[in-house]
Every structure is written in C-alpha cells, then in structure tokens.
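Secondary and tertiary structure notes
So you can see what is in the structure, the chains are spelled out below.
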Amino acid sequence: MTHLRNFMLAGLASAVAITGFAAPAQAQRDPAYAAARANGSIGEKRDGYLGIVGTETAELRRLVNDINIKRRAVYAERAQAANATLDEYAFTAGCQAILRTTAGERYQAPDGTWQTRDSGEPLRDPRCP
C-alpha cells in the first residue's frame, strides 16, 4: 500500500510540476506579496499553503488568506483532473513549493518549525515525491 501511495504521489508531483501550482500569477506580481516573501514575513507551509512567520498583522493576514483561497481553488480543480484528493494535491504542491524556495525565503520544515532557505536543499517531508 505504501508503494502504491508513493507511486501516486510521484505521479501527482509530475502533474504539479508540469501544470504549475502555487500562487496565481496575479499574486506573484503583487508588490506586497513579493515584499513579504523577501523579508521573511510569509513562507511556504508543508500543506501547500502560505503561512505567516512571526508577528501577524491585518494586512499580512488579508494577503495570505487571499492567496490561500486562490490556491485552494486551483488545487481543487487540478486534484479532480488528476483523480487525487484535495489534500494529496495540496501536500504535493507544498513539497514542490518548498523545493522552489530560494535562498533567504522562509519555509516550514517537516517538524513544523520555520526555516530560512540557504544555498542547500530545503528540509522536506520524507513523504515528498
């Protein structure tokens, strides 16, 4: 059963990598999103969504909620097309998003702590494809 699940997650990872995922293009062009990402106020969570790192402000909460709502809609559509559950798709997208972080950006490690990406590989959940 574990091998089948790993095979499914690997296939899903390919689909996520090919189709893209994450924040819709509009959010990625938002200067507030870029600034929050660059200064480490927000980061990629293991579950495929953005999280607030440190002190929460109303503006950060609004930004993160807006992007996460859009991500969820994309994940739901693509999960259905990939014959996967929303949680499976979001998890796989989270694995890919963490992998795509760049030096200085924040991400959630498998133990739930926030890490700052350095020049090496990020710490990822062992279930990541």
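Residues numbered from 1 in each chain as written. Predicted model: local features only at pLDDT ≥ 70, side-chain atom pairs only at ≥ 80, totals over all residues. Heavy atoms only, no water.

1. A word on helix H3 (residues 31-38)
When we look at burial in H3, the residues that qualify are Tyr33, Ala36 and Arg37. Around the axis of H3, the buried residues are gathered within 100° of arc, so they sit on the same side. Residues of H3 that are exposed and point more than 90 degrees away from the buried face comprise Pro31 and Ala38. At the N-terminal end of H3, a side-chain oxygen is found 2.8 Å from the backbone nitrogen of alanine 32, two or three residues along, and the residue is aspartate 30. A positive phi of about 80° marks glycine 40, the residue just after H3. (Buried < 20%, exposed > 50% of the residue type's maximum accessible area, 1.4 Å probe, protein only. Helix = DSSP H or I, 4+ residues; strand = E, 2+ residues; numbered from the N terminus. Arc of directions from axis to C-beta. Polar contact = N/O pair within 3.5 Å; in protein donor to acceptor, adjacent residues only side chain to side chain.)

2. Some thoughts on the pattern of salt bridges
Side-chain pairs of opposite charge can arise whenever the charged atoms involved come near each other. Following the criterion strictly, the structure yields eight salt bridges and no others. Glutamate 44 is paired through a salt bridge with arginine 37; the nearest N and O atoms lie 2.8 Å apart. Both residues of the pair, glutamate 44 and arginine 37, count as buried. When the shortest N-O distance is used, the salt bridge between glutamate 56 and arginine 61 registers 3.1 Å. By relative accessible area, which is 48% here, glutamate 56 ends up partly exposed. Residue arginine 61 is classed as partly exposed on the basis of its relative accessible area of 28%. Linked through salt bridges whose partners overlap, the residues forming this network are Arg37, Glu44, Arg71 and Glu105. (Salt bridge = Lys/Arg side-chain N within 4 Å of Asp/Glu carboxyl O.)

3. Examining the sheet that holds strand E4 (residues 114-116)
The strand order E2-E1-E3-E4 describes an open sheet built from four strands, whose pairing is mixed. The open sheet has two edge strands with one neighbour each: strand E2 (50-52) and E4. Within the sheet, the average angular offset between the axes of one strand and its neighbour, ignoring direction, is 40°. As paired strands, strand E1 (residues 42-44) and E2 are joined by three bridges and run antiparallel to one another. Note that in E2 the partner of glutamate 44 across the bridge is leucine 50. Set on the sheet, H3 makes contact with E1 and E2; between it and E1 the angle comes to about 80°. (Pairing = 2+ DSSP bridges. Axes fitted to C-alpha atoms, helices over the stretch in contact; angles between N-to-C directions. Contact = heavy atoms within 4.5 Å.)

4. Some words on unusual backbone geometry
A positive phi angle, near 55°, is found at asparagine 83, a position not held by glycine. Locating asparagine 83 in the fold gives a position in the loop between helix H4 (58-81) and helix H5 (86-99). Classification of asparagine 83 as exposed rests on a relative accessible area of 69%.

5. Comments concerning the environment of arginine 46
Along the chain, arginine 46 turns up in the loop between E1 and E2. Under the relative-accessibility criterion, arginine 46 is labelled partly exposed at 30%. Between the C-alpha atoms of arginine 46 and glycine 112, which are 66 residues apart in sequence, the distance is 8.0 Å. What arginine 46 contacts, discounting residues up to four positions off in sequence, is Phe91, Gly94, Ile98, Gln108, Ala109, Pro110, Asp111 and Gly112.

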